[in-house]
Amino acid sequence: MNTLLNKYSHGGDFYFWQQQTGISPKNIIDFSVNIRPDGMPEFIKATLINALNTIHCYPSPEANELKDLASQYYQLKPQNFVFANGSNELFYALAQALKTTYTQATIIEPAFSEYQKALEKNGYTIHHINAELPPIIKNNSLDEQTLFSFDIENQQKILLQKLKEQILTIQDNSLIFLANPANPSGSFFPQQELLSLIHEKKNCFFIIDEAFIEYTKAKSLIYTLPQNAIIIRSVTKFYALAGLRLGYLACNEELASKIQKELPYWNVNNFAIQVAKKLFTHNEIIQNDLEKHQTLNILRKKDLYTKLLEIKGLTLYASWSNYILFSVNKENLWQELLEKHSITIRDCSNYHGLETNFYRVAVRFEEDHTKLCQALKHILTNEKPIFPQKKPALMLLGTSSNAGKSILTAAFCRIFTQDGYKVRPFKAQNMSLNSGVTALGEEMGRAQIVQAIACKTDPDARMNPILLKPQTDMGSQIIVLGNPIGTANAREYYKKKNELWKYVTKAYDELSNEADMMVLEGAGSPAEINLKENDIVNIKMAQYANASTLLVGDIDRGGIYASFLGTWQTLTYMEEKRITGFLVNRFRGDSSLLAPAHDYMQNVTGKPVLGVIPYIWDLNLPEEDMAGSIWANKIQEINYKKENDPNRKLDIAIIMLGKISNHTDFEPLALEEECIVRAVRNTQDFGDPDLVILPGSKSVVEDLKHIKENGLAQKIVEFAQNNGFILGICGGLQMLGKEILDPHHIETNIEKTEGLGLLALSSIFNKEKCLTTVENIQSPLSSTIYGYEIHHGETTEETIVKQERSENTINQNFDAYFHDNEKIYGYAKNRIWATYIHGLFDNDSFRHEYLNYIRENLGLNKMTKYIPYNIEKSLDNLANIVRNNVDMQTIYKSLGLK
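Q: What is the right way to read the side chain of serine 187 from this model?
A: When you line up the elements, serine 187 lands in the loop between strand 8 (174-179) and helix 7 (191-200). By relative accessible area, which is 12% here, serine 187 ends up buried. Of note is the side chain of serine 187, whose polar atom sits 3.2 Å from the side chain of serine 185.

See the structure below:
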């Protein structure tokens, strides 16, 4: 094996690694640099974007505006500060400025090699003190809260006392370089003890490097700046800004002036200046980010320690920073890791005292830690690595709700199924009133039911483990794995998300174990800034699934490229890496005209537009959102003129309840060419319909109250009195009755509400929810139907007649029923019908029979053209259109397939 030599001997040199090995930087997991693995925080990214507006201006020659801000932040004078192009520039400048006063320098080792280089360049006599390091010897050395046990903390105190005694022996008039926390060891000198040492050793001058101080949760010594010390800070480590280059120091005014003279003008660029301005504000967002990532670092570091301790032959050392030092009897370990496993770690051979077989690894993500430790076991013990493999996964995120995610998810489910893969759909959390029931009686989103059909598999509540059904503008019912667990307002639900995440991951893991491939759908937009922190359905889910991710936008509504770019700008570095490309949805026209926009997207984001999907007319598939439904978007023909034509269309009015549920019940009606299906929101919309449908509702009492107040209830009653056709489904059934009782306050605190009184029914809300699929249900006509029930209500006839029910039993209240031999599912009285069965219009025979029943009673001819509601055919058609308009080769490649 040829030893790779890098003349800089530092980490993060992707260009060098690629030159030597041919491994692409994007395929390397880099443990060699100690920066936040998540990338820079969003508030800094926004700051940098705004800083583009200053690029035409020269920066301040000596960054004086930052000195003013730093003075306010630390309560010192502006003259105490010097800013530079990274802290490394400061080491060389201060060494130059101090050489007329000092000739001797001592470095507390092991330490950053640039200290010595700067001193050597300026002719100092250099001495070294090697600090002893406390080893971590077993798992019980780790503590849940403080990370390290009392024994380790106590051992560290003993070693620091020894170090202090050694420092006190240093010759007067010497410079003393000390990193706190130390790099690469991570050992930490408590600030008060260090401050005491600096005062005690007053005839020496200390250079304290606090590049990683944020990870210790300690305050900088700048707040209590000693006269015989320079405190150096780096902005780049904690905030993942290594490429920005920004560091600063604080010291006495006279020395700061000397150091400033050693630096060139304009050495701090405008981007760095704007970032520093942001960080020098006392801002809640910045403080929250600080605390969050300090906590994350402890959790991640414990994970890394735990996994490293399982490897025989490693000696680990206690670190109070975001990296871990270890030693092992293995030369060129870092090179083997790179060449065999595309993993880089920091070879510490250029650190004084660590010349042989010491290595440093940065704290990263748990999955990266696992890969590192598996690779180490392979090299050190020949144990075959077992890298945890996620199943190939494609995820569709949207720039907004109704961008077409649900339909496109179904399309890719069908495409991959057609290509011979066993596919499962997944949506971690869905907020929708449009739900369905599985064969096991589990409630889940209708969109995921359609996606399951696209995969040619049975719907399973694990495909949509969390379903939120809004009950009011502020609160929703929470359904977990198909069963309701209660209700919560938005704030209450956010608190539950961490608890619910375990159900999401468990459901995903179980499904993926059964599949060759997963296709995931996001919700809304991943760019909802106010929701992103607790979002479990978009980026977090994509990261968990290791999914290749497509960002979908709806060009039909306009502003798609602004939406793409706006979403992109809210993503962190790690989130950007997750995006494979963009999909333009619902385009009408010549897609070649979009080429300039696509070139622009590629140039700005580095990601391609992978497809332009045309606007698909007559798709004949239920949409997730009301905004995308077939009938809700139909041209409103409220004033449709009913000419004396026996072949005219039927005018069907859907009462648009505020909390309408299962709006897809009416999609099959909208497909019929001889029907006009329209939404009615107020009395002006009512018109002169042939059929009025009261749909299901998640808040029956509230919606009933609303239609009473806006006059629609009176319109419906008058329509019934004029012998109009009315159909109520689920909540609509309950509204048509005499009363609705809610003794358990399932919906509201109102225990009794008067219905419209059009059917002799009484409904009561029970605590238990009815969730079931039904089939072979006899309708009031000759056809049988299938469908499903989702409701809390139990309905009884006002005057019940106990008797055997067969065929269409008639009693004093009703002419006929929806029923089987054991149960009544609905009622028919003259032209007013009502049922609990959702999906009844999916039944072609019933739908056509019912429409012709109405037509005959109105003196119209029967329908001449029957449109079958064929989901299978529609899914195949959808898949063909999408396949022909997207770059499937690139998508497959991103999945590691084909």
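Moving on from the model shown.
Q: Please explain a nonpolar patch on the surface as it appears in this structure.
A: Together, Tyr58, Tyr265 and Trp266 make up an exposed nonpolar region whose accessible area comes to about 450 Å². Topologically, tyrosine 265 is positioned in the loop between helix 8 (253-261) and helix 9 (270-279). Judged by its relative accessible area of 51%, tyrosine 265 is exposed.

Q: Even after reading the chapter, I still don't get the packing of helix 4 (residues 87-98) against helix 8, so can you show me in this structure?
A: Between two packed helices, both the angle of their axes relative to each other and the distance between the axes serve to describe the pair. One way to put it is that helix 4 packs onto helix 8 with a least axis distance of 8 Å and a crossing angle of 115 degrees. Judged on the interaxial angle alone, helix 8 and helix 4 are roughly perpendicular. Pair helix 4 / helix 8 crosses with right-handed handedness. Residues Ala93, Leu94, Ala97 and Leu98 of helix 4 form the contact with helix 8, whose participating residues are Leu255, Lys258 and Ile259. Its residues placed into classes, the contact of helix 4 with helix 8 shows six nonpolar, no polar and one charged.

Q: Any chance you could explain helix 9 here in plain terms?
A: Along an α-helix, residues three or four positions apart point the same way, because every turn accommodates 3.6 residues. Every buried residue of helix 9 is accounted for by Asn270, Ala272, Ile273, Val275, Ala276 and Leu279. Where helix 9 begins, one side-chain oxygen reaches toward the backbone nitrogen of phenylalanine 271, 2.9 Å away; that side chain belongs to asparagine 269.

Q: I tried to follow unusual backbone geometry on my own but got confused; where do I start?
A: Outside of glycine, negative phi angles account for most residues, and trans bonds account for most peptide bonds. Proline 181 follows asparagine 180 through a cis peptide bond whose omega is 0 degrees. Here proline 181 shows up in the loop between strand 8 and helix 7. Note that the residue after asparagine 183, namely proline 184, is joined by a cis bond; omega there is 25 degrees. By the secondary structure assignment, proline 184 is in the loop between strand 8 and helix 7.

Q: Could you clarify how one ought to interpret the pairing of strand 37 (residues 761-778) in this entry?
A: Moving residue by residue along a regular strand, the side chains alternate between the two faces of the sheet. Two elements, strand 35 (residues 739-741) and strand 37, share three bridges in a ladder whose sense is parallel. Note that in strand 37 the partner of glutamate 739 across the bridge is serine 762. By the bridge criterion, twelve bridges tie strand 37 to strand 38 (residues 784-797) in an arrangement that is antiparallel. Residue isoleucine 777 lies in a different strand from strand 38, and its bridge partner there is isoleucine 785. In sequence, strand 37 turns back onto strand 38 through a hairpin of five residues.

Q: Could you clarify how one ought to interpret the sheet that holds strand 19 (residues 429-431) in this entry?
A: Within a sheet, neighbouring strands are paired by backbone hydrogen bonds and run either parallel or antiparallel to one another. One open sheet holds the four strands; their spatial order is 19-22-23-24, and the pairing between them is mixed. Of all the strands in the sheet, just strand 19 and strand 24 (483-489) have a single pairing partner and so form its edges. In this sheet, neighbouring strand axes are inclined to one another by 25 degrees on average, regardless of whether the strands run parallel or antiparallel. Pairing analysis gives three bridges linking strand 19 to strand 22 (residues 466-470), with the strands arranged parallel. Among the inter-strand pairings, asparagine 430 is bridged to a residue of strand 22, identified as leucine 467.

Q: Got a minute to help me understand the packing of aromatic side chains in this structure?
A: Any aromatic ring pair is given by two values, namely how distant the centres are and how the planes are angled relative to each other. One pass over the full model with this rule turns up 47 aromatic pairs. An angle of 70 degrees between the planes, with centres 4.9 Å apart, marks the rings of phenylalanine 91 and tyrosine 115 as edge-to-face. One end of the pair, phenylalanine 91, is in helix 4; the other, tyrosine 115, is in helix 5 (residues 113-121), with 24 residues separating them in the sequence. Residues phenylalanine 91 and tyrosine 115 agree in their burial class; the two are buried. An aromatic cluster of three or more residues is present, and its members are Tyr73, Tyr74, Phe81, Phe83, Tyr223, Tyr248 and Phe280. Over the ring of tyrosine 544 we find lysine 390; its NZ or CZ atom is 3.7 Å from the centre of that ring.

Q: I'm lost on the side chain of glutamate 797 in this one. Help?
A: If you trace the backbone, glutamate 797 turns up in strand 38. Polar contacts involving the side chain of glutamate 797 include one to the side chain of tyrosine 817, which spans 3.0 Å.

Rules and cut-offs
- Residues numbered from 1 in each chain as written.
- Predicted model: local features only at pLDDT ≥ 70, side-chain atom pairs only at ≥ 80, totals over all residues.
- Heavy atoms only, no water.
- Helix = DSSP H or I, 4+ residues; strand = E, 2+ residues; numbered from the N terminus.
- Buried < 20%, exposed > 50% of the residue type's maximum accessible area, 1.4 Å probe, protein only.
- Polar contact = N/O pair within 3.5 Å; in protein donor to acceptor, adjacent residues only side chain to side chain.
- Patch = residues over 30% accessible without salt bridge, like charges linked within 9 Å, V, L, I, M, F, W, Y side chains within 5 Å.
- Areas by Shrake-Rupley, 256 points an atom, 1.4 Å probe, with all protein chains shown as cover.
- Salt bridge = Lys/Arg side-chain N within 4 Å of Asp/Glu carboxyl O.
- Axes fitted to C-alpha atoms, helices over the stretch in contact; angles between N-to-C directions.
- Parallel < 35°, antiparallel > 145°, perpendicular 65-115°, else oblique.
- Left-handed = near helix turned anticlockwise from the far one by under 90°.
- Contact = heavy atoms within 4.5 Å.
- Nonpolar A, V, L, I, M, F, W, Y, C, P; charged D, E, K, R; others polar.
- Pairing = 2+ DSSP bridges.
- Phe/Tyr/Trp six-rings, centres within 6.5 Å; stacked < 30°, edge-to-face > 60°.
- Lys NZ or Arg CZ within 6 Å of the ring centre and 35° of its normal.

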